[in-house]
Amino acid sequence: MLSSETSQRRSVLFLIDVEPDARKTCGGSGGWEGSQKALGLLQDFRRQLEDQTRARVEFNWFLRADPQIRKTWGKTDQVADACPQLLGMIADQGDCCGIHPHLWRWNERRGEWFNDLNDPEWTAECLHTSIEAFRGIFHRRPEACRFGDRWLNQHAVDLMQASGIRYDLTIEPGLPDEAIFDDPHATGRLPDYRGTPREPYQPSPDNFMVPAHGQANHGSLWMVPLTTTPPVWRLMRRPPYLLKASRPPNLSLRSGYVLPHLRTQLDLVTDVPLTMVVRSGDLAKGHFLGNFLQTTRQFVKHPALPGCEFTSPATAVARWRVSR
(Lines give C-alpha, C1' and ligand atoms only; values in the text may rest on other atoms or scores of the structure.)
Protein backbone atom coordinates (compact mmCIF):
# COMPACT_ATOMS: atom_id res chain seq x y z
CA MET A 1 0.00 0.00 0.00
CA LEU A 2 1.13 3.56 -0.69
CA SER A 3 1.22 5.99 2.24
CA SER A 4 -0.89 9.13 1.96
CA GLU A 5 2.27 11.26 1.91
CA THR A 6 3.86 9.18 -0.86
CA SER A 7 0.70 9.02 -2.95
CA GLN A 8 0.53 12.82 -3.05
CA ARG A 9 3.94 13.11 -4.72
CA ARG A 10 4.29 13.07 -8.49
CA SER A 11 6.24 10.09 -9.80
CA VAL A 12 9.37 10.88 -11.83
CA LEU A 13 11.02 8.09 -13.79
CA PHE A 14 14.61 8.74 -14.79
CA LEU A 15 15.67 6.13 -17.35
CA ILE A 16 19.33 5.47 -18.18
CA ASP A 17 20.18 3.40 -21.26
CA VAL A 18 23.56 1.86 -20.41
CA GLU A 19 25.23 1.43 -23.79
CA PRO A 20 28.59 1.53 -25.54
CA ASP A 21 29.70 4.87 -26.94
CA ALA A 22 29.24 3.89 -30.60
CA ARG A 23 25.99 2.75 -32.16
CA LYS A 24 27.85 0.78 -34.83
CA THR A 25 30.28 -0.96 -32.52
CA CYS A 26 33.69 -2.43 -33.31
CA GLY A 27 35.79 -4.83 -31.26
CA GLY A 28 38.38 -3.71 -28.75
CA SER A 29 39.08 -3.32 -25.07
CA GLY A 30 37.31 0.04 -24.73
CA GLY A 31 34.14 1.50 -26.13
CA TRP A 32 32.27 2.21 -22.87
CA GLU A 33 33.99 5.43 -21.80
CA GLY A 34 30.74 7.41 -21.85
CA SER A 35 29.06 4.97 -19.51
CA GLN A 36 32.06 4.98 -17.17
CA LYS A 37 32.04 8.78 -17.08
CA ALA A 38 28.27 8.82 -16.63
CA LEU A 39 28.31 6.91 -13.35
CA GLY A 40 30.01 9.69 -11.39
CA LEU A 41 27.91 12.39 -13.02
CA LEU A 42 24.71 10.51 -12.31
CA GLN A 43 25.63 9.97 -8.68
CA ASP A 44 26.21 13.72 -8.34
CA PHE A 45 22.81 14.31 -9.97
CA ARG A 46 21.22 11.83 -7.54
CA ARG A 47 22.70 13.61 -4.50
CA GLN A 48 21.41 16.96 -5.71
CA LEU A 49 17.95 15.50 -6.27
CA GLU A 50 17.96 13.95 -2.81
CA ASP A 51 18.84 17.33 -1.31
CA GLN A 52 15.88 18.92 -3.10
CA THR A 53 13.31 16.17 -2.61
CA ARG A 54 14.49 15.18 0.90
CA ALA A 55 13.76 11.59 -0.09
CA ARG A 56 15.54 8.58 -1.52
CA VAL A 57 16.06 8.93 -5.26
CA GLU A 58 15.71 5.78 -7.35
CA PHE A 59 17.09 5.58 -10.89
CA ASN A 60 16.13 3.08 -13.60
CA TRP A 61 18.96 1.42 -15.55
CA PHE A 62 18.40 -0.40 -18.85
CA LEU A 63 21.36 -2.54 -19.89
CA ARG A 64 22.53 -3.47 -23.37
CA ALA A 65 23.14 -7.24 -23.54
CA ASP A 66 21.96 -8.24 -27.00
CA PRO A 67 23.55 -10.00 -30.03
CA GLN A 68 25.40 -6.84 -31.12
CA ILE A 69 27.17 -6.74 -27.74
CA ARG A 70 27.95 -10.46 -27.94
CA LYS A 71 29.44 -10.23 -31.44
CA THR A 72 31.50 -7.14 -30.63
CA TRP A 73 32.93 -8.18 -27.25
CA GLY A 74 32.43 -11.95 -27.28
CA LYS A 75 29.95 -11.94 -24.39
CA THR A 76 26.49 -10.53 -23.81
CA ASP A 77 27.21 -9.30 -20.27
CA GLN A 78 30.12 -7.06 -21.28
CA VAL A 79 28.54 -4.21 -19.30
CA ALA A 80 29.47 -6.05 -16.08
CA ASP A 81 33.17 -5.93 -17.07
CA ALA A 82 33.05 -2.45 -18.59
CA CYS A 83 31.20 -0.85 -15.66
CA PRO A 84 31.64 -3.16 -12.64
CA GLN A 85 30.86 -0.39 -10.17
CA LEU A 86 27.39 -0.02 -11.73
CA LEU A 87 26.20 -3.37 -10.40
CA GLY A 88 27.21 -2.44 -6.86
CA MET A 89 25.54 0.94 -7.26
CA ILE A 90 22.26 -0.66 -8.33
CA ALA A 91 22.33 -3.00 -5.34
CA ASP A 92 23.37 -0.32 -2.82
CA GLN A 93 20.80 2.22 -4.01
CA GLY A 94 17.94 -0.23 -4.55
CA ASP A 95 17.55 0.97 -8.13
CA CYS A 96 15.36 -0.65 -10.73
CA CYS A 97 17.19 -2.38 -13.57
CA GLY A 98 15.89 -3.73 -16.88
CA ILE A 99 17.02 -4.51 -20.40
CA HIS A 100 17.54 -2.35 -23.50
CA PRO A 101 17.65 -4.59 -26.58
CA HIS A 102 18.55 -3.16 -29.98
CA LEU A 103 17.97 -5.01 -33.24
CA TRP A 104 21.38 -4.34 -34.82
CA ARG A 105 22.46 -7.32 -36.97
CA TRP A 106 25.80 -7.95 -38.67
CA ASN A 107 25.85 -8.23 -42.45
CA GLU A 108 28.83 -10.38 -43.39
CA ARG A 109 28.81 -9.44 -47.07
CA ARG A 110 28.81 -5.68 -46.48
CA GLY A 111 30.82 -5.90 -43.26
CA GLU A 112 28.53 -3.55 -41.35
CA TRP A 113 25.65 -3.33 -38.93
CA PHE A 114 22.03 -2.83 -39.92
CA ASN A 115 18.70 -2.92 -38.07
CA ASP A 116 16.67 -6.01 -38.94
CA LEU A 117 13.21 -4.81 -37.91
CA ASN A 118 11.02 -7.23 -39.88
CA ASP A 119 12.32 -10.66 -38.87
CA PRO A 120 10.25 -12.09 -35.96
CA GLU A 121 12.94 -14.65 -35.15
CA TRP A 122 15.60 -11.96 -34.89
CA THR A 123 13.35 -9.88 -32.62
CA ALA A 124 12.90 -12.92 -30.38
CA GLU A 125 16.64 -13.61 -30.34
CA CYS A 126 17.48 -10.02 -29.37
CA LEU A 127 14.93 -10.01 -26.56
CA HIS A 128 15.69 -13.47 -25.21
CA THR A 129 19.47 -12.96 -25.41
CA SER A 130 19.06 -9.81 -23.32
CA ILE A 131 16.82 -11.57 -20.79
CA GLU A 132 19.25 -14.46 -20.36
CA ALA A 133 22.22 -12.13 -19.93
CA PHE A 134 20.31 -10.16 -17.32
CA ARG A 135 19.45 -13.38 -15.49
CA GLY A 136 23.10 -14.39 -15.54
CA ILE A 137 24.08 -11.09 -13.90
CA PHE A 138 21.27 -10.66 -11.36
CA HIS A 139 19.98 -14.25 -10.94
CA ARG A 140 16.44 -13.17 -11.76
CA ARG A 141 14.45 -12.25 -14.83
CA PRO A 142 13.92 -8.59 -15.74
CA GLU A 143 10.52 -6.99 -15.30
CA ALA A 144 11.23 -3.81 -17.29
CA CYS A 145 12.30 -3.27 -20.91
CA ARG A 146 13.06 -0.44 -23.33
CA PHE A 147 13.65 -1.38 -26.95
CA GLY A 148 16.30 0.66 -28.72
CA ASP A 149 15.51 3.54 -31.07
CA ARG A 150 11.91 3.67 -29.73
CA TRP A 151 11.14 0.67 -31.98
CA LEU A 152 8.27 -1.68 -31.18
CA ASN A 153 5.81 -3.86 -33.04
CA GLN A 154 3.00 -6.16 -31.97
CA HIS A 155 5.21 -9.24 -32.11
CA ALA A 156 7.75 -7.65 -29.74
CA VAL A 157 4.99 -6.71 -27.30
CA ASP A 158 3.59 -10.26 -27.40
CA LEU A 159 7.08 -11.63 -26.72
CA MET A 160 7.51 -9.32 -23.75
CA GLN A 161 4.18 -10.42 -22.32
CA ALA A 162 5.11 -14.10 -22.71
CA SER A 163 8.57 -13.50 -21.18
CA GLY A 164 7.26 -11.95 -17.97
CA ILE A 165 8.09 -8.31 -18.74
CA ARG A 166 5.71 -6.19 -16.67
CA TYR A 167 6.71 -2.67 -17.74
CA ASP A 168 7.69 -1.37 -21.17
CA LEU A 169 9.12 2.16 -21.43
CA THR A 170 9.75 2.42 -25.16
CA ILE A 171 6.87 4.50 -26.54
CA GLU A 172 7.49 8.17 -27.31
CA PRO A 173 4.06 9.73 -27.94
CA GLY A 174 3.78 12.24 -30.74
CA LEU A 175 6.84 11.06 -32.69
CA PRO A 176 6.20 10.15 -36.34
CA ASP A 177 7.19 7.14 -38.37
CA GLU A 178 10.65 7.74 -39.82
CA ALA A 179 13.82 6.02 -40.92
CA ILE A 180 16.60 5.28 -38.44
CA PHE A 181 18.84 8.28 -38.93
CA ASP A 182 22.18 6.46 -39.28
CA ASP A 183 21.10 3.20 -40.92
CA PRO A 184 20.33 3.29 -44.66
CA HIS A 185 20.09 -0.51 -44.71
CA ALA A 186 17.44 -0.91 -42.00
CA THR A 187 14.66 -3.27 -43.08
CA GLY A 188 11.86 -1.07 -41.75
CA ARG A 189 10.89 2.27 -40.25
CA LEU A 190 10.25 3.43 -36.72
CA PRO A 191 6.60 3.41 -35.58
CA ASP A 192 4.20 6.33 -35.82
CA TYR A 193 3.38 7.18 -32.20
CA ARG A 194 1.39 10.33 -32.90
CA GLY A 195 -1.82 8.70 -31.69
CA THR A 196 -0.54 6.82 -28.64
CA PRO A 197 -1.57 7.66 -25.05
CA ARG A 198 0.58 9.92 -22.92
CA GLU A 199 -0.22 8.13 -19.66
CA PRO A 200 0.35 4.55 -18.44
CA TYR A 201 -1.94 1.92 -19.93
CA GLN A 202 -2.31 -1.78 -20.51
CA PRO A 203 -2.32 -2.50 -24.25
CA SER A 204 -5.11 -4.08 -26.24
CA PRO A 205 -4.23 -7.68 -27.21
CA ASP A 206 -4.48 -6.78 -30.90
CA ASN A 207 -2.94 -3.31 -30.95
CA PHE A 208 -0.29 -2.27 -28.43
CA MET A 209 -0.85 1.42 -29.22
CA VAL A 210 -4.44 1.28 -27.92
CA PRO A 211 -5.45 0.77 -24.26
CA ALA A 212 -7.30 -2.41 -23.40
CA HIS A 213 -10.95 -2.01 -22.48
CA GLY A 214 -12.41 -3.15 -19.18
CA GLN A 215 -10.73 -4.06 -15.91
CA ALA A 216 -6.93 -3.93 -15.74
CA ASN A 217 -5.17 -7.28 -15.69
CA HIS A 218 -2.84 -7.42 -12.68
CA GLY A 219 -0.43 -9.82 -14.38
CA SER A 220 -0.29 -8.06 -17.73
CA LEU A 221 2.14 -5.64 -19.35
CA TRP A 222 1.98 -1.93 -18.63
CA MET A 223 3.12 0.59 -21.23
CA VAL A 224 4.71 3.64 -19.56
CA PRO A 225 5.26 6.31 -22.25
CA LEU A 226 8.03 8.87 -22.16
CA THR A 227 6.99 12.45 -21.44
CA THR A 228 7.53 13.95 -24.86
CA THR A 229 6.93 17.59 -25.74
CA PRO A 230 3.63 18.77 -27.20
CA PRO A 231 3.67 18.55 -31.01
CA VAL A 232 5.63 21.32 -32.69
CA TRP A 233 6.60 21.98 -36.31
CA ARG A 234 9.79 20.06 -37.06
CA LEU A 235 12.09 19.77 -40.04
CA MET A 236 12.32 16.16 -41.27
CA ARG A 237 14.83 14.25 -43.41
CA ARG A 238 12.14 13.06 -45.83
CA PRO A 239 8.99 14.43 -47.49
CA PRO A 240 7.00 16.37 -46.44
CA TYR A 241 10.15 17.79 -44.72
CA LEU A 242 8.01 19.83 -42.33
CA LEU A 243 5.84 17.93 -39.87
CA LYS A 244 4.06 18.65 -36.62
CA ALA A 245 5.50 16.17 -34.13
CA SER A 246 6.81 15.86 -30.58
CA ARG A 247 10.39 15.75 -29.32
CA PRO A 248 11.83 13.27 -26.80
CA PRO A 249 12.79 14.19 -23.20
CA ASN A 250 16.41 13.09 -23.68
CA LEU A 251 18.73 14.97 -21.32
CA SER A 252 21.68 14.76 -23.71
CA LEU A 253 19.82 16.67 -26.43
CA ARG A 254 19.74 20.44 -26.82
CA SER A 255 18.91 22.05 -23.50
CA GLY A 256 17.10 24.87 -25.29
CA TYR A 257 14.03 22.71 -25.82
CA VAL A 258 14.49 19.92 -23.25
CA LEU A 259 14.78 22.18 -20.19
CA PRO A 260 11.73 24.40 -20.89
CA HIS A 261 9.68 21.25 -21.49
CA LEU A 262 10.77 19.69 -18.18
CA ARG A 263 10.10 22.93 -16.32
CA THR A 264 6.61 23.11 -17.78
CA GLN A 265 6.00 19.52 -16.79
CA LEU A 266 7.15 20.13 -13.21
CA ASP A 267 4.77 23.10 -12.99
CA LEU A 268 1.78 20.88 -13.78
CA VAL A 269 -0.55 19.47 -11.14
CA THR A 270 -1.05 15.95 -12.50
CA ASP A 271 -0.86 12.27 -11.57
CA VAL A 272 0.77 11.33 -14.89
CA PRO A 273 4.38 10.24 -14.27
CA LEU A 274 7.16 12.43 -15.65
CA THR A 275 9.42 10.07 -17.61
CA MET A 276 12.76 11.25 -19.02
CA VAL A 277 15.86 9.50 -20.34
CA VAL A 278 19.57 9.72 -21.08
CA ARG A 279 21.85 7.43 -23.09
CA SER A 280 25.05 6.85 -21.09
CA GLY A 281 27.25 6.35 -24.15
CA ASP A 282 26.38 9.83 -25.40
CA LEU A 283 28.23 11.40 -22.49
CA ALA A 284 31.53 10.48 -24.15
CA LYS A 285 30.83 13.31 -26.63
CA GLY A 286 31.42 16.89 -25.59
CA HIS A 287 28.27 18.48 -26.96
CA PHE A 288 25.99 15.81 -25.45
CA LEU A 289 27.81 16.06 -22.13
CA GLY A 290 27.44 19.84 -22.20
CA ASN A 291 23.71 19.55 -22.86
CA PHE A 292 23.30 17.08 -20.00
CA LEU A 293 25.19 19.26 -17.52
CA GLN A 294 23.35 22.42 -18.54
CA THR A 295 19.93 20.77 -18.24
CA THR A 296 20.56 18.98 -14.95
CA ARG A 297 22.12 22.05 -13.27
CA GLN A 298 18.91 23.98 -13.86
CA PHE A 299 16.52 21.06 -13.37
CA VAL A 300 17.61 20.49 -9.75
CA LYS A 301 16.74 24.10 -8.88
CA HIS A 302 13.06 23.76 -9.76
CA PRO A 303 10.84 24.58 -6.76
CA ALA A 304 8.41 21.74 -7.54
CA LEU A 305 10.95 18.97 -6.87
CA PRO A 306 9.98 18.57 -3.18
CA GLY A 307 6.59 17.41 -4.48
CA CYS A 308 8.16 14.68 -6.62
CA GLU A 309 9.48 11.19 -5.99
CA PHE A 310 12.09 9.62 -8.26
CA THR A 311 10.98 6.03 -8.37
CA SER A 312 10.52 2.80 -10.36
CA PRO A 313 7.94 1.85 -12.99
CA ALA A 314 6.23 -0.49 -10.51
CA THR A 315 5.74 2.28 -7.95
CA ALA A 316 4.73 4.83 -10.58
CA VAL A 317 2.10 2.50 -12.04
CA ALA A 318 0.80 1.59 -8.57
CA ARG A 319 0.41 5.30 -7.73
CA TRP A 320 -1.21 5.92 -11.10
CA ARG A 321 -3.76 3.18 -10.49
CA VAL A 322 -4.61 4.59 -7.04
CA SER A 323 -5.26 7.99 -8.61
CA ARG A 324 -7.76 6.68 -11.15
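Everything that follows concerns the structure shown earlier in this document.
Residue numbers run consecutively from 1 along every chain, following the written order of its sequence. For this predicted model, a pLDDT threshold of at least 70 governs which residues receive local features, and a threshold of 80 or more governs which side-chain atom pairs are given and counted, while totals over whole chains, interfaces and linings are taken from all residues. Side-chain measures were taken over the full set of non-hydrogen atoms in the model, leaving aside hydrogen atoms and water.

1. Considerations on the overall build of the protein
From N to C terminus, the protein includes 10 helices and 14 strands. Taking 20 Å as the expected radius of gyration for a compact globule of 324 residues, we find that the protein reaches 19 Å, a close match to that expectation. Counting only C-alpha atoms, the protein reaches 60 × 45 × 45 Å along its principal axes. Each residue is assigned to one of three classes by its accessible area relative to the maximum for its type, calculated with a 1.4 Å probe on protein chains only: buried under 20%, partly exposed between the two thresholds, exposed over 50%. Expressed as a percentage of its 324 residues, the buried residues of the protein come to 55%. Look at the contacts in the protein between residues 6 or more apart in sequence, and 70% of them connect residues 24 or more apart. Values of accessible area rely on a 1.4 Å probe in the Shrake-Rupley scheme; residue burial ignores everything except the protein chains shown. Within the structure as shown, the protein displays about 14000 Å² of accessible surface, and the carbon and sulfur contribution to it stands at 51%. Averaged over its 39 positive side-chain charges, the protein has a centre that lies 5 Å from the centre of its 37 negative ones. By definition, any uninterrupted DSSP run of H or I lasting at least four residues is a helix, any uninterrupted run of E lasting at least two residues is a strand, and each is numbered from the N terminus. C-alpha atoms define the radius of gyration, and 2.2 Å times the number of residues to the power 0.38 defines the globule rule. Two residues qualify as a contact provided that any one of their heavy atoms is within 4.5 Å of a heavy atom in the partner residue. Within this scheme the basic residues Lys and Arg register as positive and the acidic residues Asp and Glu register as negative, but His and the chain ends are omitted. Charge placement uses NZ in Lys and CZ in Arg. For Asp and Glu, CG and CD serve respectively.

2. Topic: the side chain of Ser35
Here Ser35 shows up in helix H2 (residues 33-53). In this structure Ser35 touches Val18, Glu19, Asp21, Cys83, Ser280 and Gly281, once residues within four positions along its chain are discounted.

3. Let's talk about the state of the cysteines
By disulfide we mean two sulfur atoms from cysteines, separated by a distance within 2.5 Å. A complete count under the given rule lists zero disulfides for this structure. With no disulfide of its own, Cys96 has Cys97 as its nearest cysteine by sulfur position, at a separation of 7.1 Å. A relative accessible area of 17% means that Cys96 is categorised as buried. The thiol of Cys145 is unpaired, and the distance to the nearest cysteine sulfur, on Cys126, comes to 11 Å.

4. Regarding the pattern of salt bridges
Should the charged atoms of two oppositely charged side chains come close, the side chains can pair. Here a salt bridge means any side-chain nitrogen of Lys or Arg lying within 4 Å of a carboxyl oxygen belonging to Asp or Glu. Inspection of the entire model under this criterion finds 24 salt bridges. Its salt-bridge partner being Arg46, residue Asp95 comes within 2.7 Å of it at the nearest N-O pair. With Asp95 in the loop between helix H5 (84-93) and strand E3 (96-99) and Arg46 in helix H2, this residue pair connects regions lying 49 residues apart in the sequence. No difference in accessibility class separates Asp95 from Arg46, as the two residues are buried. Measuring nitrogen to oxygen at the nearest pair gives 3.7 Å for the salt bridge that ties Glu132 to Arg141. The exposure class of Glu132 is partly exposed, given its relative accessible area of 40%. Here Arg141 falls in the partly exposed class, since its relative accessible area comes to 35%.

5. Considerations on H2
Given the number of residues in a helix, its expected span is that number minus one, multiplied by 1.5 Å. Under the 1.5 Å per step criterion, the end-to-end length of H2 is 30 Å for 21 residues, consistent within 8% with the ideal 30 Å. Maximal helix bending in H2 amounts to about 30°, located at Leu39. Turning to H2, its buried residues are Gly34, Ser35, Ala38, Leu39, Leu42, Gln43, Phe45, Arg46, Leu49 and Thr53. Backbone geometry just downstream of H2 places Arg54 in the positive-phi region, at approximately 55°. Working definition for bend: take the seven residues up to and ending at a residue and the seven starting at it, fit an axis to each, and measure the angle between the axes.

6. Some thoughts on the pairing of strand E1 (residues 10-18)
Within E1, nine of the nine residues are buried, which leaves it mostly tucked inside the rest of the structure. Residues Arg10, Val12, Phe14, Ile16 and Val18 of E1 are buried on one face, and the alternating residues Ser11, Leu13, Leu15 and Asp17, pointing to the opposite face, are buried as well. DSSP calls a pair of strands paired once it identifies at least 2 bridges connecting them. Of the strand pairs in this sheet, E1 and strand E14 (residues 308-310) are connected by three bridges, and their pairing is parallel. Its bridge partner lying in E14, Arg10 is registered against Cys308. Of the strand pairs in this sheet, E1 and strand E13 (residues 274-279) are connected by six bridges, and their pairing is parallel. By the bridge assignment, Leu15 is partnered in E13 with Val277. As judged from the four bridges shared by E1 and strand E2 (residues 60-63), these two strands associate in the parallel manner. Residue pairing in the sheet places Val18 in a bridge with Leu63 of E2.

7. Describing the pairing of strand E12 (residues 242-245)
Alternating residues of E12 divide into Leu243 and Ala245, all buried, and Leu242 and Lys244, none buried. Where strand E11 (residues 232-235) meets E12, four bridges bridge the pair, whose relative direction is antiparallel. When the sheet's bridge partners are listed, Val232 is paired in E12 with Ala245. Taking the residues between adjacent antiparallel strands as the criterion, E11 and E12 are bridged by six residues, where Tyr241 takes a positive phi near 70°.

8. Description of the packing of aromatic side chains
Two rings belonging to Phe, Tyr or Trp (six-membered ring only in the last case) form a pair when the distance between their centres is within 6.5 Å. Interplanar angles under 30 degrees mark stacking, angles over 60 mark edge-to-face geometry, and anything in between is tilted. A complete count under the given rule lists 11 aromatic pairs for this structure. Taking the centre distance of 5.0 Å and the plane angle of 80° together, the rings of Phe14 and Phe59 count as edge-to-face. With a gap of 45 residues between them, Phe14 in strand E1 and Phe59 in the loop between H2 and E2 connect regions that are remote in the sequence. We note that Phe14, like Phe59, is buried. Centroid distance Trp106 to Trp113: 5.1 Å. Interplanar angle 70°. Geometry classified as edge-to-face. Judged by relative accessible area, which is 29%, Trp106 ranks as partly exposed. Pairwise contacts between aromatic rings join Phe14, Phe45, Phe59, Trp61, Phe292, Phe299 and Phe310 into one cluster. We count a charge as sitting over a ring when the NZ of a lysine or the CZ of an arginine lies within 6 Å of the ring centre and within 35 degrees of the ring normal. Above the face of the Phe59 ring, Arg46 is positioned so that its terminal group lies 4.4 Å from the ring centre.

9. Notes on unusual backbone geometry
Unlike most non-glycine residues, Arg54 shows phi in positive territory, near 55°. With respect to the secondary-structure elements, Arg54 resides in the loop between H2 and E2.

Purely spatial values, then, with no claim about function.
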